[in-house]
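# Examination of the molecular architecture
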Number of protein chains: 2
Amino acid sequence: MKSKKTQHAGSTANALLGLLTLGDMSGYDMRSLIDRSIGHFWTESYGQIYPSLKWLSSEGFVEKKTERKKGRPDRNVFTLTPAGRKRLKQWLAVPPVVPEIPRSELLLKLFFGLHVPQKVSRSHLASFLQFHEDALTRYTELEAKLQREETGDPQLPYWLMTLSFGRHRSEASVNWAKQSMVRLDDLEKNQGPRKRVVGRKK
Amino acid sequence: MKSKKTQHAGSTANALLGLLTLGDMSGYDMRSLIDRSIGHFWTESYGQIYPSLKWLSSEGFVEKKTERKKGRPDRNVFTLTPAGRKRLKQWLAVPPVVPEIPRSELLLKLFFGLHVPQKVSRSHLASFLQFHEDALTRYTELEAKLQREETGDPQLPYWLMTLSFGRHRSEASVNWAKQSMVRLDDLEKNQGPRKRVVGRKK
DNA sequence: GGGTGCATGTAATGGGTTACATGATTCT
DNA sequence: AGAATCATGTAACCCATTACATGCACCC
């Protein structure tokens, strides 16, 4: 009999509750804060945020106040209610889903790499490598910024841990990509000569 | 004007085409083969497979033959057509989407870890660690099996590369998790004493 | 004049999992 | 006797991105 309405009760809503522990903010603020803080392991689009906020509000987990300023669009600023804080804590304690094994189109394409010239696989790997090398410099910058601006914040150690994960992941990715590119080169060398064996003496 | 019908044209369909290069098989076969080969970076459910096969068939990328055996359900065995092979090759050459940064509920919960007792974060990390340690032994077994059963297969190097990715990822995960658990312990030590400072002299 | 930032929201569309429905055979 | 394997398929549901719609202010 209980009305379920589980529509927006997933982790998006809980992520938003988490953000509100850092201060009152609007949906717009959330989006940009996400990009600047947890963007390396979590994303949200407006299409998720606004409906979720509406739902959280209707359930009493957040409270909405509308700020009006001339020359600016209205701002709907949200505040965590005690019920919302409780819900967040409960959710934080629930063990996250174990697998967390995401699909990788790159790996799938590499797996079937024989059906395509080596240089194709090579260039896929090169893009991947580039991405993670860039990520590493972003992580370094972000860490410096956090150490500078959030000194003494008791949350800092937790934030650094998630950053550290990104670093570990990107370092592993870089190492793997480099190694794999070398292997691809070896494959080419061990296959090329067979064709060259006959002629090519000069 | 062109009828699009892009319903099942995504990477699932292409993954299935790839599998069919390894031999004719049914939807059921695909599911189990995926689990045993590319399961560490790709999953498919029947709810995806069967409709996709229907679509691939209607577009002429695969051909269906029904096998009947007494006492067994009918088997719909699919074969790659030349058009399907061409489509696969084209898709393989398209650079995979760059980001590939998936959401992680674990990291999100860790990020907000201060709102919850340390031991909660610790136990989340412990499960994660366990998962990746198990994964490492699975990878070792899988590699041995591949080396044994697929010796000389020209696809082997590509398969080993994807396996190696899994290994790199899990090793990085293990290292990170261990390090993070130590950091959590340090936090506890540096916070505990403050409360103990006053009394507790015995 | 054009881009960017501020600000909210909906609709269309695409992917994906899980549960359901069915049912015989073989292994434990 | 009950679980696992073989085998196919649909429907309900959930989650997520992108495009669309709107519009002012500020900077270059």
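How each quantity is defined
Residues numbered from 1 in each chain as written. Chains lettered and ligands numbered in written order. Predicted model: local features only at pLDDT ≥ 70, side-chain atom pairs only at ≥ 80, totals over all residues. Heavy atoms only, no water. Near = heavy atom within 4 Å. Polar contact = N/O pair within 3.5 Å; in protein donor to acceptor, adjacent residues only side chain to side chain. Helix = DSSP H or I, 4+ residues; strand = E, 2+ residues; numbered from the N terminus. Nonpolar A, V, L, I, M, F, W, Y, C, P; charged D, E, K, R; others polar. Contact = heavy atoms within 4.5 Å. Buried area = accessible area lost by both parts, 1.4 Å probe. Salt bridge = Lys/Arg side-chain N within 4 Å of Asp/Glu carboxyl O. Domains from an automatic or database assignment. pLDDT = per-residue confidence, 0-100. Least-squares fit on C-alpha atoms with pLDDT ≥ 70 in both. Core = buried A, V, L, I, M, F, W, Y, C linked by side-chain atoms within 4.5 Å. Buried < 20%, exposed > 50% of the residue type's maximum accessible area, 1.4 Å probe, protein only.

Close to DNA strand C lie 21 residues; Tyr 28, Lys 54, Asn 76 and Arg 103 of chain A together with Ser 45 of chain B are nearest. The sugar-phosphate share of atoms of DNA strand C within 4 Å of the protein amounts to 67%. A distance of 3.3 Å separates a sugar or linking oxygen of DNA strand C from a polar atom in the backbone of Asp 74 of chain A. Within the contact set of DNA strand C, a phosphate oxygen lies 3.1 Å away from a side-chain nitrogen or oxygen of Arg 75 of chain A. Among the secondary structure elements, those contributing two or more residues to the surface near DNA strand C are helix 2 (27-37), helix 3 (46-58) and strand 2 (75-80) of chain A together with helix 3 (46-58) of chain B. Partitioning the surface near DNA strand C into residue classes produces 4 nonpolar, 12 polar and 5 charged.

Here we come to the interface of chain A and chain B. Counting residues at the interface gives 68 residues for chain A, matched by 68 residues for chain B. For the pair chain A and chain B, the summed buried area comes to about 7100 Å², and 71% of that belongs to carbon and sulfur atoms. The largest per-residue losses of area from chain A upon contact with chain B belong to Arg 103, Phe 111 and Tyr 158 of chain A, which jointly make up 12% of the total buried on that side. In this structure, the connection of chain A to chain B is made through 2 salt bridges. If you look at where chain A meets chain B, you find 20 residue pairs in polar contact (both at pLDDT 80 or more).

Attention now goes to the side chain of Ser 104 of chain A. Secondary-structure assignment places Ser 104 of chain A in the loop between helix 4 (82-93) and helix 5 (105-111). Side-chain polar atoms of Ser 104 of chain A contact the backbone nitrogen of Leu 107 of chain A, separated by 3.1 Å. Excluding residues within four positions of it along the chain, Ser 104 of chain A makes contact with Phe 41, Trp 42 and Glu 100 of chain B.

Accessible area lost upon the coming together of the parts is a frequently used measure of interface size. All names here are of chain A. If you check the domain split of chain A, you get domain 1 (7-93) and domain 2 (105-196). Spacing between the C-alpha centres of domain 1 and domain 2 amounts to 32 Å. On the domain 2 side, the residues contacting the 4 residues of domain 1 number 8 residues. In this structure, the connection of domain 1 to domain 2 is made through 0 salt bridges. Linking domain 1 with domain 2 are 1 residue pair in polar contact (both at pLDDT 80 or more), by the criterion used here. Class assignment for the residues of the side of domain 1 that touches domain 2 results in 2 nonpolar, 1 polar and 1 charged.

Near DNA strand D there are 23 residues, and of these Thr 12 of chain A together with Tyr 28, Lys 54, Asn 76 and Arg 103 of chain B occur at the shortest range. Each atom of DNA strand D within 4 Å of the protein belongs either to a base or to sugar and phosphate, the latter forming 69%. Backbone polar atom of Tyr 28 of chain B to a phosphate oxygen of DNA strand D: 3.0 Å apart, as the coordinates give it. Between DNA strand D and Asp 74 of chain B, the relevant distance is 3.3 Å, taken from a sugar or linking oxygen to a main-chain nitrogen or oxygen of the residue. For the surface near DNA strand D, the elements supplying multiple residues, two or more each, are helix 3 of chain A together with helix 2 (27-37), helix 3 and strand 3 (75-80) of chain B. When residues in the surface near DNA strand D are grouped by element, the largest group, 4 residues, is from helix 3 of chain B.

Another point: the confidence of the model for chain A. A residue-level look at chain A finds 92% of positions with pLDDT of 70 or above and a mean pLDDT of 90. In this model, residues 196-202 of chain A is a region of pLDDT below 50 whose contacts with residues beyond four sequence positions or in other chains number 0 contacts.

What follows deals with the relation of the copies chain A and chain B. In screw terms, the move from chain A to chain B is a rotation of 180° and a rise of 0.0 Å along the axis, fitting with an RMSD of 0.1 Å. Taken together, these values place the two copies in the relation of a two-fold axis. Same-surface contact between copies: 100% of interface residues of chain A are shared with the interface of chain B.

By size, the foremost hydrophobic cluster in this structure holds 103 residues, and its most contacted members are Leu 56 and Trp 176 of chain A together with Leu 56 and Trp 176 of chain B. Looking at this core, the element that brings in the most residues is helix 7 (residues 156-196) of chain B, giving 13 residues. The residues contacting Trp 176 of chain B, other than those within four sequence positions of it, are Met 161, Ser 164, Phe 165 and His 168 of chain A together with Leu 106, Leu 107, Leu 110, Leu 125 and Phe 128 of chain B.

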